[in-house]
Amino acid sequence: GDSVTQMEGPVTLSEEAFLTINCTYTATGYPSLFWYVQYPGEGLQLLLKATKADDKGSNKGFEATYRKETTSFHLEKGSVQVSDSAVYFCALPVSGTYKYIFGTGTRLKVLA
Amino acid sequence: DSGVTQTPKHLITATGQRVTLRCSPRSGDLSVYWYQQSLDQGLQFLIQYYNGEERAKGNILERFSAQQFPDLHSELNLSSLELGDSALYFCASSPLKGETRSGANVLTFGAGSRLTVL
């Protein structure tokens, strides 16, 4: 069945470091792909999305490219800030259903 | 403020008890989703309603039930509570029944209800 696999956390970086959080998926067809972010004590919020192969989603300096060939949707940011410390979730809709599944989440901690 | 309202924010109860969690979706959204977030199991999909009808079911226990009312708010009922039910319960809403090619059916999450079972 459809699934999402994220890299294990936590990821600890210094401010201004480059960030990559890996996400790979298994799905029937080519679903839209999403990244959500959960800040401490809050619910998840949409960070970015991509709806078809080779699409690049971007928001707040974060980017992710929909790679059909490698079934990946890795999240990147060129220079992280302390305020980016949060848990990041990759997500996709399950084909043939109305539900959305999420990866296990990757906790990012950015140190000043 | 995401526009999705969940109550209560925190709830402490005892094993064997029953609780009801409430969710008001964002204005204009017709779908409501319930998720359970625990430390060891991540974010687990429980159930989805669209305009009052159940549309998708996930790993929801038989002790749990939910419904969506005509005014579109939803309630998640958890009964015969066990220690392992302690978790954050999130409600999310979206405008459509399900995914479209446009990626328009974005989920908007509430702040969650933290349930502690003692």
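What you see is a predicted model; the values in this text were computed from it and never measured.

Conventions we followed
- Residues numbered from 1 in each chain as written.
- Chains lettered and ligands numbered in written order.
- Predicted model: local features only at pLDDT ≥ 70, side-chain atom pairs only at ≥ 80, totals over all residues.
- Heavy atoms only, no water.
- Helix = DSSP H or I, 4+ residues; strand = E, 2+ residues; numbered from the N terminus.
- Buried < 20%, exposed > 50% of the residue type's maximum accessible area, 1.4 Å probe, protein only.
- Contact = heavy atoms within 4.5 Å.

A.B. asks: Mind showing me how you'd approach unusual backbone geometry here?
C.D. replies: When glycine is set aside, most residues are seen to have a negative phi, and most peptide bonds are trans. Residue A:G9 is joined to A:P10 through a cis peptide bond whose omega torsion reads -5°. Within the secondary structure, A:P10 is located in the loop between β1 (3–6) and β2 (11–14). Residue B:T7 is joined to B:P8 through a cis peptide bond whose omega torsion reads -10°. Inspection of the secondary structure assignment puts B:P8 in the loop between β1 (5–7) and β2 (10–13). One non-glycine residue, A:E16, lies in positive phi territory at about 80°. Residue position: A:E16 is located in the loop between β2 and β3 (19–21). Residue A:E16 is classed as exposed on the basis of its relative accessible area, which comes to 61%.

A.B. asks: What am I meant to see in the environment of A:A17 here?
C.D. replies: Residue and element names in this part refer to chain A. Within the secondary structure, A17 sits in the loop between β2 and β3. For A17, a relative accessible area of 22% gives the class partly exposed. Ignoring sequence-local partners within four residues, the contact set of A17 consists of K77, G78, S79 and V80.

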